[in-house]
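# A look at the structure
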Amino acid sequence: MALSVPITRGLSGVMLGLLFYSAFSGIGTPASADDGDWQSLFDGKTLSGWHIRCRPEDNDKRGYWRVEDGVIVAEGKSPDRHHYIWLLTDQEYDDFELKLKVQTYAGNKGNSGVQVRSRYDDAAFWLDGPQVDIHPAGPWRSGFIYDETRSRKVWLWPDVGRPANAKPEHAPEGWTWQHAGDSDHWNDIRIVCRGTQVQSFVNGIAVADLDVRGILDDADHRRLNVGMKGHIGLQIHPGQTIHLRFKDIHIRPIRGQASFPSPVPPN
């Protein structure tokens, strides 16, 4: 049986206020992209167009990324000791709209995410750049934006600092997430990067709408050549068992200047 994550908050006054605010600010509508065709980033059979990055001592765990039954499988096993293991696109992207489906399972304590505009440092063994979080153990956190950049390691949205500072009350009203059980349920993730505007949507709900001007384009990020252009990546976080499946990964470029709406206010 599929396990639905309960939503406990109703249409409170805060919710009604947000709906009113959204209607007049453009929140909840992704920045428009070209009418051009979507490009598939996954052929359904191989990891062609992707490459794995990890520490040398984790090379024997590259098989944690594999293709099975037409989907990309990410599997990190506890108590296996390993560091981050990344699956990155060969190509780099700057302004784009990305959509994909992810399947998670109840009981998994591990963490994952979708990196954008990121770059792996083969000398430091670190992937710098922003990440849209996927957190099966606390699905309310999925769609939050974290700066994985080595000198930062803080939430960009919500702007609450270190990872432990993110709380369920920061999730948007009406958020949904469903783990797969006996049914084959998948969750939809959509990410829009346009200039200094970064948006995330989970199952059709707007999560983050962030202006990264002065943040991801600052001197530190420019030095590392991340934040505004780079690879797209999928994460296996160390420390806990994780089993995820990804499919229907598509991207299309965005052209022109951003029309930036007001940021979503944190709850």
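Structural data are supplied above this passage.
Residues numbered from 1 in each chain as written. Predicted model: local features only at pLDDT ≥ 70, side-chain atom pairs only at ≥ 80, totals over all residues. Heavy atoms only, no water.

Of the regular secondary structure elements, the chain holds two helices and 18 strands. Counting all 267 residues of the chain, 50% fall into the buried class. Residue pairs at least 24 apart in sequence account for 72% of intrachain contacts in the chain once pairs closer than 6 positions are excluded. Roughly 11,900 Å² of accessible area belongs to the chain as shown, and the carbon and sulfur atoms make up 51% of that amount. (Helix = DSSP H or I, 4+ residues; strand = E, 2+ residues; numbered from the N terminus. Buried < 20%, exposed > 50% of the residue type's maximum accessible area, 1.4 Å probe, protein only. Contact = heavy atoms within 4.5 Å. Areas by Shrake-Rupley, 256 points an atom, 1.4 Å probe, with all protein chains shown as cover.)

The next subject is the packing of aromatic side chains. A complete count under the given rule lists eight aromatic pairs for this structure. With a centroid separation of 5.7 Å and an interplanar angle of 10 degrees, the aromatic rings of Tyr84 and Trp86 are classed as stacked. Given a relative accessible area of 14%, Tyr84 falls into the buried group. Residue class for Trp86 comes out buried when judged on its relative accessible area of 2%. (Phe/Tyr/Trp six-rings, centres within 6.5 Å; stacked < 30°, edge-to-face > 60°.)

Judged by nonpolar contacts, the single largest core of 49 residues is most densely connected at Trp65, Leu98, Phe246 and Ile249. Considering every element that reaches this core, the biggest residue donor is strand β18 (residues 242-253), with five residues. Apart from residues lying up to four places away in sequence, Ile249 is in contact with Gln39, Ser40, Leu41, Phe42, Trp50, Ile72, Leu98, Lys99 and Leu100. If you look at the next biggest cluster of nonpolar residues, it comprises six residues, including Tyr84, Leu88, Trp126 and Leu127. (Core = buried A, V, L, I, M, F, W, Y, C linked by side-chain atoms within 4.5 Å.)

Now for the pattern of salt bridges. Throughout the structure, instances matching the rule amount to 17 salt bridges. A salt bridge links Lys61 to Asp60; the nearest nitrogen and oxygen atoms lie 3.3 Å apart. Given the relative accessible area of 13%, Lys61 is considered buried. For Arg119, the salt bridge is made with Glu92, and the minimal N-O distance between the two is 2.7 Å. With Arg119 in strand β8 (residues 112-121) and Glu92 in strand β6 (residues 85-93), this pair connects stretches of sequence that are 27 residues apart. Assessed through its relative accessible area of 31%, Glu92 is described here as partly exposed. Each of the salt bridges in this network shares a partner with another, and the network as a whole consists of Arg152, Asp218, Asp220 and Arg223. (Salt bridge = Lys/Arg side-chain N within 4 Å of Asp/Glu carboxyl O.)

On to the side chain of Ser112. With respect to the helices and strands, the residue Ser112 is situated in strand β8. For Ser112, a relative accessible area of 0% translates into the label buried. Separated by 2.5 Å, the side chain of Ser112 and the backbone oxygen of Gln235 make a polar contact. Leaving out residues up to four positions away in the same chain, Ser112 has contacts with Gln131, Asp133, Ile134, Gln235, Leu244 and Phe246. (Polar contact = N/O pair within 3.5 Å; in protein donor to acceptor, adjacent residues only side chain to side chain.)

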